[in-house]
Amino acid sequence: MSVGANRRIVTGDHTRRAVLAGTLAAGVGGLTLTGARELLDQFAPLSGRAWDAADRSISERVASPYGEARVRYDEDGVPSIVADAEPAAYFAVGYVQGFDRLAQLDLQRRVMRGQVSELAGEGALADDEFHVAMDFAGAAEATWELVAETPAGPLVEAYVDGVNASIDGEGLPLEFELLGYEPEPWTPVDSMLMEKQISWDLTGNFGELRRALVADRLGEDVLEELFPERLDHDVPILRESIEAETLEGELDVGSVSDEDAVGSALTDWLSRFESPTGIGSNSWVVSGEHTESGRPIVAFDPHLTLMTPPLWYEQHVETPETSVRGATFPGVPFVIAGANDRGTWSFTNVGADVLDCYTYEIDDDGERYRYDGEWREFDREERTIAVAGGDDRSIEVRKTVHGPVLEREGRTVGVAWTGHTATRTTEAIYEYERSDGLADLLEATRKFDLPTQNLVYADADGRTLYYATGKLPTREIDREVVSGNRIFDGSAGEGEWDGFEPFGESSWEGFVPFAEKPHAIDPDVLATANQRVVDDPGHYVGVAYASPYRGERIYDRLDEHLASGEPTDLEFHRELQNDTYDGRAEQLVPELLAALDERIEDGDEHDGLEDARDVLADWEYEMDADSRGALVFARWMDRFRELVVEPDFENADLDESYYPDDWVVATLPADSLFFEERSRTETMVAAFEDALDEIDAAGWVRYGDWNSTRIIEHPFGAEAPFLNYPELPADGSRATVKNYRVGSAVGASWRMVVEPGGTATAVLPGGNSGDYFSDHYDDQLENWLANDQTPMDRTLDDEGEPDVVFEEGSS
Amino acid sequence: MTEIDRSGEDEDASGDPGIDAVLERVRTEPRAHWLAVLVVVPIGLILAWLHWLGLIVAGALVGFISPTVWHGLVGALGFGVVVLAVFAIGLGDSVRGVLEMAPAVYVTVVSALGLPALGALFRGIV
């Protein structure tokens, strides 16, 4: 080989080496200096942070400063906690909740404290601003000051220590690894915040602002037609036919007055934080007269947000004082809905009005408000909201004598909410766990300050109970009692709640006395489905009641069965929870079919209309996942509602969140103003044709193709879709007993059927563990869809080793 | 190709005849090569366990003991398969959950194969 040839080879080799070196350097540099680095830090094999969470398993032995306890998880991942002393038991409860649901605990408190932006960036800022302005944390602090001095206080502290021992001693779940942060220690105030959160979800209602806005934009007549204060039905919870005892008390009746709009920007903003649409529940009780065993039976399914992991956590606690099993919210030590060896208790939402809004005369500088004949400074406090990837935001929290002040685009309201003071609900729930029958439970219910709930209870002695829990405010203007469904002039002292101390301890002296709240002692049969509590309440309760479809169906089914003289068993009540009969269809389908027949006779040639009409005619109004008729009806119903109100609401710049409920739309008369442009019959047919087009375009064949579990999402599901549950077809609609609201991700967040002192069963929408890698992350999902419940067993299996042994000692 | 590789071998020379001889044997004699693989792979696994950059370094080591760049690339891909196998075994019962972690698990698989391959380019430089 010549020298020249050799030189070319060497030169070419240098070039090749340079290219390879450049490629290598660019590759390493690109990976370390770009977003790829974070992905590799998380998911590279062997070293990825995420995999630290993949081999989490709870420690077999844990030191507890509160003494010995044992934990065994059953085949559904439900822990049974056994201890000889309550503090030891609740330390263990905290530990297992911390292990199973830590990400949920931390995220919930971040929401309520307004700290989500610190993780999620500016997208969460508006939510954080609301939660900071409402100062839920301040209310939780006031509550803890009160609860700390009760017998429940030391147990809350033991629970908190258990959560923190779990944070310190166990690996973090996947969510923390993905986000790359570690949780701060859990505190008693955080546990109180959980009470505030669920209470806000159930009672945080700015209905008066919304009503005022509708009246302002569309007129008082439309307000009265679409949002009547009383729906025209005859199935309240406390029916006239119910025979029951009551406590003493003579009652006064309030009056209702008009409203005053405070602006759409403020109302729209606040409406984002109200109780989610469809929040409701079912519960019912039949006395032992109607059961095979001679004991009462309680059935319960709360319709709350469906999410991954579920809102509820199931636990079983055995101490010398009690044997209790049921569901609680992660972050809360005690069983909120469940059973002990003597009784069972459950809650549905009342829809009571426990939030009022006040307007003020405010000075030009916006620094003082007029009250009690003088100018007063707002209570002010600067708070900082940390924002990931952005600058921290400063927000001024302002308060008046009524509570926190909310402001948007220059419009300001003061808010009074019964949750904005110290409340004793934690103590009440603790006493429920230890209750030894109806008398005990009734006494504990006096302390159930928040939220307003339909308590349904039964005990092993055959006693049954309905009681509206929570404090109900009374309001006066010029010494005349008025309803709370209005905006009050705060500067004039209108509608104030006597005995209410925001962010302090209230005396409650101006509230409805306990004995005068709706209740029934030893009712024979009673059903609650968020419908109107009673036709003629002694005191104003509220107007945010659900349409009566579920309540009517439950009462009809119970009445029909009991009239037959056949006793019921647990299976009957589980089957009733599974009922998919839709009262809206019974109301509307005959009329729709007649309208379609007329159109077909007139020679309508819309593709598939005649076939779809036949499907609907053969359908029996059951919203089952495999039903074609249910699909056609569901899509038609939504479109019909839109076509009825959309033109007027759109012109008034009111979005779908302001639409009236299905009952109002279904009963809107043919001569309503909303059918001036297009008749009710024509609107029905037009909606039907639109629905068929939509179904064809989407390729849906059966109801479950649209009505699926795709909406049960993990908070990080958009970024990490594998965290969501699998997509499966679901039964039920927003109007059926088996409740499923695909549009708002709401449904039966827990189902239980209990014979007090006897057998009990339950199921969760997903699984008891929030750990993605756990076998119990989603193992109950299919059972939940079928309402196939498993035993809420309180017996203890003494064979085999416990999963966790807590030993005396410091961790 | 052969000529280029030979010229590369010349430039790979460490200056120490002993080391050069060992490297030559490792790259050309099958028995010596597999012995070197048995040394390099565990080291690579440890490096990969410490940090994802370890996957690149491991690929470079695999390439270093390979006769050519192309052999090195194939060896690095093989190392990636070993990494995935060890990773799956280490996950135990969680492996199914990891497989369902799309699209995150794509990062895992691609990095297991791609990063060692990137590192193996080192063979073409030295």
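For clarity, every value in this text was computed on a predicted model and none was experimentally measured. (Residues numbered from 1 in each chain as written. Chains lettered and ligands numbered in written order. Predicted model: local features only at pLDDT ≥ 70, side-chain atom pairs only at ≥ 80, totals over all residues.)

Some points on the overall build of chain B
Item 1. Each helix and strand counted, chain B has seven helices and zero strands in total.
Item 2. The linear arrangement of helices and strands in chain B, starting from the amino end, is α-α-α-α-α-α-α.
Item 3. Looking at the 126 residues of chain B, the share that counts as buried comes to 39%.
Item 4. Look at the contacts in chain B between residues 6 or more apart in sequence, and 65% of them connect residues 24 or more apart. (Helix = DSSP H or I, 4+ residues; strand = E, 2+ residues; numbered from the N terminus. Buried ≥ 20, exposed ≤ 12 C-beta atoms within 10 Å, placed from the backbone. Contact = placed C-beta atoms within 7 Å.)

A short note on the overall build of chain A
Item 1. Per the secondary structure count, chain A includes 23 helices and 29 strands.
Item 2. On C-alpha atoms alone, chain A measures out to a radius of gyration of 29 Å, which is about the 28 Å that the 2.2 N^0.38 rule sets for 811 residues.
Item 3. Considering chain A as a whole, with its 811 residues, one finds that 55% of them fall into the buried category.
Item 4. Of the contacts made within chain A by residues no fewer than 6 positions apart, 73% connect residues no fewer than 24 positions apart. (Rg over C-alpha atoms; globule rule 2.2 N^0.38 Å.)

Digging into the sheet that holds strand S15 (residues 405-408) of chain A
Residue and element names in this part refer to chain A.
Item 1. With respect to topology, four strands assemble into an open sheet ordered S15-S16-S10-S21, the strand pairing being mixed. For this open sheet the edge positions go to S15 and strand S21 (487-489), each flanked by a neighbour on one side alone. Each adjacent strand pair in this sheet contributes to an overall mean axis angle of 35°, direction not counted.
Item 2. Examined bridge by bridge, strand S10 (residues 355-359) and strand S16 (residues 411-417) share four bridges and lie antiparallel to one another. The residue bridging Leu-355 from the neighbouring strand is Trp-417, located in S16.
Item 3. Helix H12 (residues 264-271) contacts S15 and S16 of the sheet and is inclined by roughly 120° relative to S15. (Pairing = 2+ DSSP bridges. Axes fitted to C-alpha atoms, helices over the stretch in contact; angles between N-to-C directions.)

Considerations on the confidence of the model for chain A
Item 1. Looking at chain A, the pLDDT average stands at 92 and 96% of residues meet or exceed 70.
Item 2. Here residues 249-259 of chain A is modelled with pLDDT under 50, and outside its nearest four sequence neighbours on either side it reaches 29 contacts, counting other chains as well. (pLDDT = per-residue confidence, 0-100.)

A short note on the nonpolar core
Note on soluble globular proteins: their nonpolar side chains tend to be buried together.
Item 1. With 207 residues, the main nonpolar core has A:Ala69, A:Phe91 and A:Ala92 as its most contacted residues.
Item 2. Considering every element that reaches this core, the biggest residue donor is helix H3 (residues 86-113) of chain A, with 13 residues.
Item 3. Beyond its immediate sequence surroundings of up to four residues, A:Ala69 is in contact with A:Ser64, A:Ile81, A:Val82, A:Ala83, A:Ala88, A:Ala89, A:Phe91, A:Ala92 and A:Phe806.
Item 4. Counting 50 residues, the second largest nonpolar core, distinct from the first, contains A:Ala54, A:Leu174, B:Val40 and B:Met101. (Core = buried A, V, L, I, M, F, W, Y, C linked by C-beta atoms within 7 Å.)

Concerning the UniProt feature "transmembrane region" (unreviewed entry) in chain B
All names here are of chain B.
Item 1. Those residues carrying the UniProt feature "transmembrane region" (unreviewed entry) are residues 34-64, 70-92 and 104-125 in this numbering.
Item 2. Annotated as residues 70-92, this span is 96% helix and 0% strand, and its ends, taken at the C-alpha atoms, are 34 Å apart.
Item 3. Annotation note: span residues 104-125, helix share 77%, strand share 0%, distance between end C-alpha atoms 33 Å. (UniProt positions renumbered as here; feature names shortened; annotations may be inferred.)

Some details on the domain arrangement of chain A
Item 1. Split into domains, chain A comes out as domain 1 (3-51) and domain 2 (583-621 + 626-706).
Item 2. The centre of domain 1 of chain A, based on its C-alpha atoms, is set 62 Å off from the matching centre of domain 2 of chain A. (Domains from an automatic or database assignment.)

Section: the environment of B:Trp34
Item 1. Relative to the elements of secondary structure, B:Trp34 occurs in helix H3 (residues 30-50).
Item 2. Taking C-alpha positions, B:Trp34 is 9.5 Å from B:Ile65, a pair spaced 31 residues apart along the chain.

Focus on helix H21 (residues 680-698) of chain A
All names here are of chain A.
Item 1. With 19 residues, H21 extends 27 Å between its outermost C-alpha atoms, agreeing within 8% with the 27 Å of an ideal straight helix rising 1.5 Å per residue.
Item 2. Turning to H21, the residues buried within the fold contact helix H17 (583-601), helix H18 (609-618) and helix H19 (628-651).
Item 3. Among the residues trailing H21, Gly-699 stands out with phi positive, at a value near 80°. (Expected span 1.5 Å × (residues − 1).)

Thoughts on the interface of chain B and chain A
Item 1. Across the contact, 33 residues belong to chain B and 25 residues belong to chain A.
Item 2. Broken down by element, the side of chain B that touches chain A gets its largest block of residues, six residues, from helix H7 (residues 104-120) of chain B.
Item 3. A per-class count over the side of chain B that touches chain A returns 21 nonpolar, 10 polar and two charged. (Nonpolar A, V, L, I, M, F, W, Y, C, P; charged D, E, K, R; others polar.)

Side note on the packing of H3(A) against helix H7 (residues 152-169) of chain A
When two helices pack together, their arrangement is captured by the angle between the axes and the distance separating the axes.
All names here are of chain A.
Item 1. It is at 7 Å that the axes of H3 and H7 come closest, and there the two elements cross at 40°. By the angle between their axes, H3 is oblique relative to H7. Considering only the axes of H3 and H7, their crossing is right-handed. Counted together, Glu-86, Pro-87, Tyr-90, Phe-91, Ala-92, Val-93, Gly-94, Tyr-95, Gln-97, Gly-98, Phe-99 and Leu-102 of H3 and Pro-154, Leu-155, Ala-158, Tyr-159, Val-160, Asp-161, Gly-162, Val-163, Ala-165, Ser-166 and Ile-167 of H7 form the full contact between these two elements.
Item 2. Each residue belonging to the contact of H3 with H7 can be placed in one class, and the counts come to 16 nonpolar, five polar and two charged. (Parallel < 35°, antiparallel > 145°, perpendicular 65-115°, else oblique. Left-handed = near helix turned anticlockwise from the far one by under 90°.)

Side note on the pairing of strand S29 (residues 804-808) of chain A
Item 1. Pairing geometry for strand S1 (residues 61-64) of chain A and S29(A), over four bridges, is parallel. Each residue of the ladder has a partner; that of A:Val62, found in S29(A), is A:Phe806.

Comments concerning H7(B)
All names here are of chain B.
Item 1. Compared with the 24 Å implied by 1.5 Å per residue over 17 residues, the 25 Å span of H7 between its first and last C-alpha is a close match.
Item 2. Ser-111 marks where H7 bends most, by close to 35°.
Item 3. Every buried residue belonging to H7 is among Val-107, Thr-108, Ser-111, Ala-112, Leu-113, Leu-115, Pro-116, Ala-117, Leu-118, Gly-119 and Ala-120, and all of these are buried. (Bend = angle between axes of the 7 residues up to and from the residue.)

Side note on the pairing of strand S5 (residues 297-305) of chain A
Moving residue by residue along a regular strand, the side chains alternate between the two faces of the sheet.
Residues and elements named next belong to chain A.
Item 1. Burial of S5 is extensive: eight of the nine residues sit out of reach of the surface.
Item 2. Relative to strand S26 (residues 751-754), S5 runs antiparallel, the two being bridged by three bridges. By the bridge assignment for S26, Ala-299 is matched with Val-753.
Item 3. As judged from the three bridges shared by S5 and strand S25 (residues 746-748), these two strands associate in the antiparallel manner. Each residue of the ladder has a partner; that of His-303, found in S25, is Ala-748.

A few points about the environment of A:Arg734
Residues and elements named next belong to chain A.
Item 1. Along the chain, the position of Arg-734 falls in the loop between helix H22 (703-706) and strand S24 (740-741).
Item 2. Arg-734 sits in the buried class, given 28 other C-beta atoms within 10 Å.
Item 3. Spatially, the C-alpha atoms of Arg-734 and His-303 are 9.9 Å apart, while their sequence positions differ by 431 residues.

A few points about unusual backbone geometry
Item 1. Here the bond from A:Thr308 into A:Pro309 is cis, since omega is -10°, no more than 30 degrees from zero.
Item 2. Relative to the elements of secondary structure, A:Pro309 occurs in the loop between S5 and strand S6 (313-318).
Item 3. Following B:Ala102, the chain continues into B:Pro103 via a peptide bond in cis, with omega recorded as 0°.
Item 4. Notably, A:Asp653 is not glycine yet its phi reads approximately 60°, a positive angle.
Item 5. In this fold, A:Asp653 is placed in the loop between H19 and helix H20 (662-666).

Re the packing of helix H13 (residues 425-434) of chain A against helix H14 (residues 438-445) of chain A
Residue and element names in this part refer to chain A.
Item 1. Running from N to C, H13 and H14 cross one another at 175°; their axes reach a closest spacing of 9 Å. Between H13 and H14, the angle falls in the class roughly antiparallel. For the pair H13 and H14, contact is made by Ala-428, Glu-431 and Tyr-432 and by Leu-441, Ala-444 and Thr-445, respectively.

Quick word on the sheet that holds S1(A)
Pairing between sheet strands relies on hydrogen bonds along the backbone, with the strands arranged either parallel or antiparallel.
All names here are of chain A.
Item 1. Pairing in this open sheet of 11 strands is mixed, and the strands run S1-S29-S2-S3-S6-S7-S8-S9-S17-S18-S22 from one edge to the other. Across the chains shown, the open sheet's two edge strands, defined by having one partner strand only, are S1 and strand S22 (519-521). Neighbour to neighbour, the strand axes of the sheet diverge by 15° on average, direction disregarded.

Side note on the environment of A:Pro513
Residue and element names in this part refer to chain A.
Item 1. Residue placement: Pro-513 occurs in the loop between S21 and S22.
Item 2. Judged by C-beta crowding, with 16 C-beta atoms within 10 Å, Pro-513 ranks as partly exposed.
Item 3. Through-space distance from the C-alpha of Pro-513 to that of Arg-446 is 9.7 Å; in sequence the pair is 67 residues apart.

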